[in-house]
Amino acid sequence: MNLKQKLNAKQLLLGTFIKSTHYHNTEVLAHTNLDVLCLDAEHAPFDRGDLDSCIMAARTKNMPTLIRVSNTDHATLLSSLDIGADGLVLPHIKTPEQAKAIIKNCFYGNNGRGYAGSSRFAGYTTHALTDNLASNKSSTCIIAQIEDTDALDNIEQLCQIDEIDCIFIGRMDLTISLGETNPSAPTVLEAVTKIAKAAAKYNKCCGMFVGNLSELSHWQSLGVSFYLLGSDHSFLLSGAKQLREQFETATGAQNNEHS
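This section reports on the structure supplied with the text. Note that the structure is predicted; figures quoted are calculated from it, not measured.

Parameters and conventions
- Residues numbered from 1 in each chain as written.
- Predicted model: local features only at pLDDT ≥ 70, side-chain atom pairs only at ≥ 80, totals over all residues.
- Heavy atoms only, no water.
- Helix = DSSP H or I, 4+ residues; strand = E, 2+ residues; numbered from the N terminus.
- Rg over C-alpha atoms; globule rule 2.2 N^0.38 Å.
- Buried < 20%, exposed > 50% of the residue type's maximum accessible area, 1.4 Å probe, protein only.
- Areas by Shrake-Rupley, 256 points an atom, 1.4 Å probe, with all protein chains shown as cover.
- Lys, Arg positive; Asp, Glu negative; His and termini not counted.
- Charge placed at Lys NZ, Arg CZ, Asp CG, Glu CD.
- Salt bridge = Lys/Arg side-chain N within 4 Å of Asp/Glu carboxyl O.
- Contact = heavy atoms within 4.5 Å.
- Core = buried A, V, L, I, M, F, W, Y, C linked by side-chain atoms within 4.5 Å.

**Comments concerning the overall build of the protein**
Along its length, the protein carries twelve helices and eight strands. On C-alpha atoms alone, the protein measures out to a radius of gyration of 19 Å, which is about the 18 Å that the 2.2 N^0.38 rule sets for 259 residues. Structurally, the protein occupies a C-alpha span of about 65 × 45 × 30 Å along its principal axes. Counting all 259 residues of the protein, 46% fall into the buried class. Accessible surface, the protein: about 12,700 Å² in total, of which carbon and sulfur atoms supply 53%. For the protein, the distance from the average site of its 21 positive side-chain charges to the average site of its 28 negative ones is 6 Å.

**Notes on the side chain of D232**
Assignment of secondary structure puts D232 in helix α12 (residues 232–251). Put simply, D232 is tucked away with no salt bridge, and the nearest opposite charge, on K19, sits 7.3 Å away. Every residue in contact with D232, bar those within four places of it in the chain, is listed here: F17, I18, K19, S20, N25 and L29.

**What to know about unusual backbone geometry**
Although it is not a glycine, N62 sits at a positive phi angle of roughly 55°. Mapped onto the secondary structure, N62 falls in the loop between α3 (48–59) and β3 (65–68). On the basis of relative accessible area, N62 is assigned to the exposed category, the value being 69%. Positive phi outside glycine occurs at N111, with the angle close to 60°.

**Focus: the nonpolar core**
Core analysis: the biggest nonpolar cluster contains 56 residues, and I67 and L90 have the highest contact counts within it. L90 has contacts with V69, T72, L77, I102, I103, I142, I143, A144 and Q145, leaving out every residue within four places of it along the chain. The next biggest cluster of nonpolar side chains, apart from the first, holds 15 residues, and it includes L13, C38, L66 and C166.

**What about the pattern of salt bridges?**
If you walk through the whole model with that rule in mind, you get nine salt bridges. A salt bridge links D40 to K19; the shortest N-O distance between them is 2.5 Å. With D40 in strand β2 (residues 36–40) and K19 in the loop between β1 (13–18) and α2 (23–29), the pair connects residues that are 21 residues apart, well separated along the chain. Measuring nitrogen to oxygen at the nearest pair gives 3.2 Å for the salt bridge that ties K201 to E156. Of this pair, K201 sits in helix α10 (residues 186–201) while E156 sits in helix α8 (residues 155–159), placing them 45 residues apart in sequence. Residue class for K201 comes out exposed when judged on its relative accessible area of 53%. Note on E156: relative accessible area 30%, which makes it partly exposed. One network of salt bridges, in which partners are shared, links K19, D40, E42 and R68.

Just geometry here; none of it tells us what the structure is for.
The following block contains the structure:
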């Protein structure tokens, strides 16, 4: 099964965000048993060359890779798919009309995704046009990120858009949109629950980032099956912290950072 099929089957999937633009971090994490990597071009300084190198690095180990795009302009969507991303995380989806207009540019067709047979997606001219059209339809994942209060009134309609493979809850932006500073505030939890229940009602895959992993069983019970947790940055920080703690335990030394 490809990633799109796994999302639609609501398999339990674990991935992480990549925040470092150099392809080495992507290449290293492609050797893990994670299900997917997500290049965060929305919040990290990826250019097209960086994304291209990272996608190529992930492909060395056949690691499925998403791009959270910096914007939903036609050129951005086109280049992200042409370099071989398995799918796109589309930020700030608010209305069905907006979602459908963006999604149209992700698929070949009249006034849709521009066609090039020379891209990595198309096997650098080695794939037949008909195969490329079929692959675009059967393998391109569309993940709509819900992170604004505007989207809450439209969530049921968004969950009924067939081309959306996953509704992804952007909990931190949703927290801020709701005027809160705590992602566990009652109003935030109510909104997240509303989104998860709407996805379940329409048999749509639901995903989210969870900071407190003790919450996972709760969200899983509401049907959330796709998780992007942590990042390469957090792995570096936690690994260094763990090494320091292990070093001090083994040597009896104390951290003298202020000495």
